[in-house]
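# Close look at the chain arrangement
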Amino acid sequence: FTAKLMQGENQRLLEEISTLKKEISDGKVEIERTYKLQNVKLASEKEDALSNLQNLNNKLSDLSLDNDALRQQIDAQKKNNITLTEEVNSRNEEASTSERKHQAIVRDLEGRILDVGKKVEEKERKAIEADDKFREAERTVKTLKDRVSDLENNLEGKCRDLESAEDKYSESERNAKSQKDRIS
């Protein structure tokens, strides 16, 4: 009985071992199949990744070329900006020089205007002085004319007196002659 039990137990263990071996074998097959699928999938993913990497490298290369072109454009723009800045500075300097010249001309003209104004004032003052002198001369001439007129009147009076005296002298002479004639 014990031997039978042992034999049944061995049989059952052998069946279990056989089942386990089959499960292990099936598991190995499944693992290999999964491994192969995973390898195919990984190879495909790897290829996709390599393709994406190549695309990214191409895009990076294009971007690098674009970046170089942009840098060249930026450098050209910087040079252009420097040229424009120099031109603006030059024109500002010219405008500043022109403004200084304009201010100098304005100051010169203002100085000349002031000089002319002073000369005009001086001429006006001299004209007033000349006018005053002319009026003084007119007064002097009038005074002299009055004196001449007085002298002429005085002279005429003296001439009349002289004529009167001559007349009296002539009459005196006539009277004297007449008396002389009477006496003789």
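The structure under discussion appears in the preceding block.
The following paragraphs examine the structure supplied in this document. (Residues numbered from 1 in each chain as written. Predicted model: local features only at pLDDT ≥ 70, side-chain atom pairs only at ≥ 80, totals over all residues. Heavy atoms only, no water.)

### As for the overall build of the chain
To keep it simple, the criterion reads: Counting from the N terminus, the helices are DSSP H or I runs at least four residues long and the strands are E runs at least two residues long. The reference for a compact globule is 2.2 Å times residues^0.38; the radius of gyration itself is calculated from the C-alpha atoms. To sort residues, take the accessible area from a 1.4 Å probe on protein chains only and compare it with the maximum for the residue type: under 20% means buried, over 50% means exposed, and anything in between is partly exposed. Computed with the Shrake-Rupley method and a 1.4 Å probe, the accessible areas treat only the protein chains shown as cover for residues. For the purpose of counting charges, residues Lys and Arg are taken to be positive, whereas Asp and Glu are taken to be negative. His and the chain ends are not included. Where a charge lies is defined by one atom per residue type: Lys uses NZ, Arg uses CZ, Asp uses CG and Glu uses CD.
Of the regular secondary structure elements, the chain holds one helix and zero strands. In terms of C-alpha radius of gyration, the chain reaches 74 Å, well past the compact-globule figure of 16 Å for 184 residues. Seen through its principal axes, the chain has C-alpha atoms that stretch 250 × 35 × 15 Å. Residues counted as buried form 1% of the 184 residues belonging to the chain. With an accessible surface of roughly 17,100 Å², the chain has 56% of that area assigned to carbon and sulfur atoms. Where the 36 positive side-chain charges of the chain centre and where its 41 negative ones centre are 2 Å apart.

### So, the pattern of salt bridges
Rule in force here: By salt bridge we mean one thing: a side-chain nitrogen of Lys or Arg within 4 Å of a carboxyl oxygen of Asp or Glu.
In total, this model carries twelve salt bridges according to the counting rule given. Between E87 and R91 there is a salt bridge, with the nearest N and O atoms lying 2.9 Å from each other. Separated by four residues within a single helix, E87 and R91 lie in helix α1 (residues 2-183), roughly one turn from each other. Its relative accessible area of 34% is what places E87 among the partly exposed residues. A salt bridge links K142 to D146, with the shortest nitrogen-to-oxygen separation between them at 3.5 Å. Placement of the pair is K142 and D146 together in helix α1, with a separation of four residues, close to one helical turn. Classification of D146 by relative accessible area gives partly exposed; the value is 36%.

### As for a negative patch on the surface
Selection rule: Patches draw on residues past 30% relative accessible area with no salt bridge. Two like charges within 9 Å are joined, as are two nonpolar side chains (Val, Leu, Ile, Met, Phe, Trp, Tyr) within 5 Å.
Taken together, the side chains of E163, E166, D167 and E171 present a region of like negative charge at the surface. Tracing the sequence through the fold places E171 in helix α1.

### Regarding a nonpolar patch on the surface
A surface patch of nonpolar side chains, about 260 Å² in accessible area, is lined by L13, L14 and I17. Tracing the backbone through its elements, the reader meets L13 in helix α1. The exposure class assigned to L13 is partly exposed, which follows from its relative accessible area of 36%.

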